[in-house]
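Understanding the architecture of this molecule
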Amino acid sequence: MRKLYVIGMGAGDPEYMTAQAIRALNEIDVLFVLQKEEEQQDLVELRRVICERFIDDPESYRVVEAPDPPRERGTASYRDAVADWRRRRADLCVRLIRDEVGDGERGAFLAWGDPALYDSTLGVIQDILARGDVAFEYEVVPGISSVQALAAGHRIALNRVGGAVQVTTGRRLADSGMPAGVDDVVVMLDAQQTFAELGDEDLDIYWGAYLGTPDEILVSGHLSDVAEKIVRVRAEARTRKGWMFDTYLLRRVRR
Ligand SMILES: C[S@@+](CC[C@H](N)C(=O)[O-])C[C@H]1O[C@@H](n2cnc3c(N)ncnc32)[C@H](O)[C@@H]1O
């Protein structure tokens, strides 16, 4: 039987790799790398650093690279575009797994951060198995997500005593504002700096960019005091590096 690992590689620092992730990497025969059209060189580089640093025998595995199918932008609805992209990605992965992983061999995908959080790898694998085109077993190795890196960077817990935390996207926050009944909200995938639109809410913000990397930036404070600073720092960093990855916690102030 073929086996696949989906390995969380951590969200920026090679030292986020867990002992379990390192053990799994050392068992693989094939590492699949789906190259995204616009993938940042720094992210590609981290994958290389991790393999070089943690795989004991460089001859023990081969790397199979394939271009990730591009996502259609602008035409269909966001959900339809994602569903279509996932279908094309599944077609590609079926071919890769069938052609590149022999019976008894082990293949792996490295997922940025943790595979359970805004990552399509597990969904694609489940789609492939549901189709029945190729048989394999698979194991998921958790990783340190950007959310955990954010909390550690700011030295905070995400929840308050007995409270709930919601993880959401910039798009949802822009559509609906702060969710009702939730006091602590983690926002990911926000290219639009939606926090800056919430100026009249009584919120603290804990913002982090390039978490876990040498370029990590952390800013926190009352949203009305620091929103402008974050917008400025974010724009400068984005220009300097050519890309941006940021995550933040919005916390209703209890007075
Ligand atoms: C496609 S999601 C992947 C999330 C990933 N699976 C995780 O566990 O963090 C990408 C989003 O994660 C967040 N992110 C990932 N890595 C980050 C980092 N090092 N610093 C800040 N935010 C990060 C950003 O919000 C980014 O838009």
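Right above here is the structure, for reference.
We now turn to the structure provided with this report. Every value quoted in this text rests on a predicted model; they were computed, and no experiment measured them. Going along each chain's sequence as written, the residues are numbered from 1 onward. Where totals are concerned, whole chains, interfaces and linings use all residues; where local detail is concerned, this predicted model gives features only for residues with pLDDT of at least 70, and gives and counts side-chain atom pairs only at 80 or more. With hydrogens and water set aside, each side-chain value is computed from the structure's full complement of heavy atoms.

Secondary structure summary: the protein contains seven helices and ten strands in total. Its C-alpha atoms give the protein principal-axis dimensions of roughly 60 × 40 × 40 Å. Exposure is judged per residue with a 1.4 Å probe applied to protein chains only, and the accessible area is read against the type maximum: over 50% gives exposed, under 20% gives buried, and values in between give partly exposed. Within the protein, the fraction of its 255 residues that count as buried is 46%. For the protein, the share of sequence-separated contacts (at least 6 apart) that also reach a separation of at least 24 residues comes to 73%. All accessible areas in this document rest on Shrake-Rupley with a 1.4 Å probe, and a residue is counted as covered only by the protein chains that are shown. If you sum the accessible surface of the protein, you get close to 13,100 Å²; carbon and sulfur atoms cover 47% of it. Counting from the N terminus, the helices are DSSP H or I runs at least four residues long and the strands are E runs at least two residues long. By definition, residues are in contact when any of their heavy atoms lie within 4.5 Å.

The next thing to look at is the packing of aromatic side chains. For any pair of aromatic rings, the description rests on two quantities: the centre-to-centre distance and the angle between the ring planes. Centres within 6.5 Å are what make two rings of Phe, Tyr or Trp a pair, Trp counting through its six-membered ring; a difference in plane orientation under 30 degrees is then read as stacked, over 60 as edge-to-face, and the rest as tilted. Per the counting criterion, the structure on display carries six aromatic pairs. Taken together, a centroid distance of 6.5 Å and an interplanar angle of 65° make the contact between Phe 136 and Tyr 138 edge-to-face. Residue classification places Tyr 138 among the partly exposed residues on the basis of a relative accessible area of 30%. Here Tyr 210 and Trp 243 contribute two aromatic rings whose centre-to-centre distance is 5.3 Å and whose plane-to-plane angle is 80°, an arrangement assigned as edge-to-face. Within this pair, whereas Tyr 210 is found in the loop between strand E8 (203–209) and strand E9 (217–222), its partner Trp 243 is found in the loop between helix H7 (223–241) and strand E10 (246–252), the two being separated by 33 residues in sequence. For the pair Tyr 210 and Trp 243, a shared accessibility class is recorded, and that class is buried. Three or more aromatic residues joined by ring pairs make a cluster, and in this case those are Trp 112, Tyr 210, Trp 243 and Phe 245. The rule is short: NZ of Lys or CZ of Arg within 6 Å of the ring centre and within 35 degrees of the ring normal puts a charge over the ring. Looking at Lys 241, its charged tip hangs above the ring of Tyr 210, at a distance of 5.1 Å from the centre.

In this model, the second largest pocket occupies a volume close to 250 Å³. In terms of lining residues, the second largest pocket is bounded by 16 residues, among which Gly 12, Asp 42, Leu 46, Thr 213 and Pro 214 are the most central. The element that contributes the greatest number of residues to the lining of the second largest pocket is helix H2 (residues 41–54), accounting for five residues. Looking at side-chain class alone, the lining of the second largest pocket contains eight nonpolar, three polar and five charged residues. Every definition here rests on a 1 Å grid over the protein atoms only: cavities are sets of points where a 1.4 Å probe fits but cannot get out, pockets are open sets enclosed by protein on both sides within 12 Å along at least five of seven lines, and lining residues have some atom within 4 Å of a point. Grid points are joined across faces, edges and corners, and a volume is the space filled by probe spheres set on the points. Each residue is assigned to one of three groups, with Ala, Val, Leu, Ile, Met, Phe, Trp, Tyr, Cys and Pro labelled nonpolar, Asp, Glu, Lys and Arg labelled charged, and all others, Gly among them, labelled polar.

Just geometry here; none of it tells us what the structure is for.
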